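# Reading the structure
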Amino acid sequence: MRFTLIKDLKQDKSMRPILSGLLLFTLIYLLSDVYVTKLTLGLLSEQVQTTLFGDVDEFLDPISRASFLEYIHMQIFFMMMLVLTLSAIYIRMTNKKAYSLIVVNLLMLSVLVTLITLGLSYFVDAIFIDLYLFSFFTWHIVALYMSLSSLWSLNFATSI
Amino acid sequence: MQQAYKYTVLYFLLFSLLLLLSGILLFGEKIGFSQEAILLYYLGDEERFLIAKSMSGILKVVLPHIFAFGLFGMVVLHFVVFTQSNRSKYMKFFIYAFFTLSLLEIFTPLLIINGFETFAYFKLISFFLFEFLVLLLLWILFRSIVHE
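Residues numbered from 1 in each chain as written. Chains lettered and ligands numbered in written order. Predicted model: local features only at pLDDT ≥ 70, side-chain atom pairs only at ≥ 80, totals over all residues.

Attention now moves to the overall build of chain A. Broken down by element type, chain A carries five helices and zero strands. Each helix and strand of chain A, ordered N terminal to C terminal, gives the series α-α-α-α-α. Along the longest, intermediate and shortest principal axes, the C-alpha atoms of chain A span 60 × 25 × 20 Å. Within chain A, buried positions represent 32% of all 160 residues. Here the analysis covers contacts within chain A between residues at least 6 apart in sequence; of these, 63% occur between residues at least 24 apart. (Helix = DSSP H or I, 4+ residues; strand = E, 2+ residues; numbered from the N terminus. Buried ≥ 20, exposed ≤ 12 C-beta atoms within 10 Å, placed from the backbone. Contact = placed C-beta atoms within 7 Å.)

Our next topic: the overall build of chain B. A tally of regular secondary structure across chain B gives five helices and zero strands. Across chain B, helices and strands are ordered from the amino to the carboxyl terminus as α-α-α-α-α. Counting across all 148 residues of chain B, residues that qualify as buried make up 23%. Taking as baseline every contact in chain B between residues at least 6 positions apart, the subset at least 24 positions apart corresponds to 67%.

A few words now on helix H3 (residues 55-81) of chain B. Between its first and last C-alpha atoms H3(B) spans 37 Å; for 27 residues at 1.5 Å apiece the expected length is 39 Å, and the two agree. Taken as a whole, H3(B) carries its principal kink of about 25° at Val61(B); the proline Pro64(B) stands between one and four residues after it. (Expected span 1.5 Å × (residues − 1). Bend = angle between axes of the 7 residues up to and from the residue.)

Turning our eyes to something else, we now look at the interface of chain B and chain A. If you look at the interface, chain B gives 20 residues, while chain A gives 22 residues. For the side of chain B that touches chain A, the element with the highest residue contribution is helix H1 (residues 3-30) of chain B, accounting for 17 residues. Looking at the side of chain B that touches chain A residue by residue, the class counts come to 13 nonpolar, five polar and two charged. (Nonpolar A, V, L, I, M, F, W, Y, C, P; charged D, E, K, R; others polar.)

Take the environment of Ile106(B) next. Residue and element names in this part refer to chain B. Looking at the element boundaries, Ile 106 is found in helix H4 (residues 90-112). Ile 106 sits ten residues away from Tyr 96 along the chain, and the two C-alpha atoms are 15 Å apart. Every residue in contact with Ile 106, bar those within four places of it in the chain, is listed here: Val 62, His 65, Ile 66 and Phe 69.

So, about the nonpolar core. With 41 residues, the main nonpolar core has Ile76(A), Met80(A), Leu107(A), Val111(A) and Leu115(A) as its most contacted residues. Where this core is concerned, the elements lending two or more residues are helix H1 (15-40), helix H3 (65-94), helix H4 (98-123) and helix H5 (129-156) of chain A together with H1 of chain B. It is H3(A) that provides the largest number of residues to this core, a total of 13 residues. The residues touching Leu107(A), leaving out its near neighbours within four places in the chain, are Val83(A), Ser87(A), Trp139(A), Val142(A), Ala143(A) and Met146(A). Counting 18 residues, the second largest nonpolar core, distinct from the first, contains Phe98(B), Phe130(B), Val134(B) and Leu141(B). (Core = buried A, V, L, I, M, F, W, Y, C linked by C-beta atoms within 7 Å.)

Comment: phi is negative for the bulk of residues other than glycine, and the bulk of peptide bonds are trans. Its identity as a non-glycine residue notwithstanding, Phe59(A) has a phi of 55°, on the positive side. Residue placement: Phe59(A) occurs in the loop between helix H2 (45-53) and H3. Residue classification places Phe59(A) among the exposed residues on the basis of 7 C-beta atoms within 10 Å. Within the chain, Phe49(B) stands out as a residue other than glycine whose phi angle is a positive 55°. Residue placement: Phe49(B) occurs in the loop between helix H2 (35-43) and H3.

Residue and element names in this part refer to chain B. Direction vectors running N to C along H4 and helix H5 (residues 119-147) enclose 150°, while the axes themselves pass 8 Å from each other. Considered as vectors, H4 and H5 are oriented roughly antiparallel to each other. Once H4 is placed against H5, the crossing between them reads as left-handed. Contact residues: Phe 94, Ala 97, Phe 98, Leu 101, Ser 102, Leu 104, Glu 105, Thr 108, Pro 109, Leu 111 and Ile 112 in H4; Phe 119, Ala 120, Phe 122, Lys 123, Ser 126, Phe 127, Leu 129, Phe 130, Leu 133 and Leu 137 in H5. Among the residues forming the contact of H4 with H5, the class breakdown is 16 nonpolar, three polar and two charged. (Axes fitted to C-alpha atoms, helices over the stretch in contact; angles between N-to-C directions. Parallel < 35°, antiparallel > 145°, perpendicular 65-115°, else oblique. Left-handed = near helix turned anticlockwise from the far one by under 90°.)

Caution applies to low-pLDDT parts of the model: their predicted coordinates are not meant to be read in detail. Considering every residue of chain B, the mean pLDDT works out to 91; 97% of them sit at 70 or more. In the predicted assembly, ipTM is 0.89 and pTM is 0.89. (pLDDT = per-residue confidence, 0-100.)

Turning our attention to the environment of Ser32(A). For Ser32(A), the position within the fold is in helix H1. Spatially, the C-alpha atom of Ser32(A) lies 22 Å from that of Ala88(A), the residues being 56 residues apart in sequence.

This is how it looks when you write it as structure tokens:
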């Protein structure tokens, strides 16, 4: 995280393209993640319910406990590393602006709620699926905003 | 530390707890918390129609974990370095313990399927010690953020 210590990132000829590349890849990851989730878990309440609990009428088996735990374990790791990196960049780019704290908190909370409600949907009650989907879209939108905003600051702002 | 970075690290601690919890649940669900369960999982049992794990099957699990343990260790330990505990004599111990336990946790299955059944104990002990060590490191970080 050396970039947090550099005074003016625009003057740094190496860090600017490096961070721009990272942010571009983050953007691609976020968009791909929505598509992959659509294919694997589903993006509508009924689809998620069918994936988690199966459908007797359509002869669809529910996801096994071990497979679900593997899925969520992997998701936690990827999401925590992604939001940690993105937040560090965003905080540095917005340079102590008051609203940056609100945006970072919103991202972190929505990711936490996404992970917790997914677990609760499977282990406790399917009623949490709607909250899971809401928080899933919230964190993706906030993360997209943070990536775009950081990219803008990095390449077009007068001083960062 | 800037306020926003403090929040980020605090959330990171919460994610780490979720990661530990899901890891424990997964270990219990797939393998089990006893030496017999570990041997049964890796070596299989014809009577119970359990297939023994192959080298390539284990490597598929091991490979992403090598990178994940390394990255997770680097992030957690480098945060701890910025706390008061950095000056304590335990810091070096934490670093070596983290990577040694990680290595044991990741690679003992390869030894188990190659005839070293005693390593089932090492797998179990290293798993619990690793979880305990990470909890301790997270607690040190949490205390440092709250008290600073």
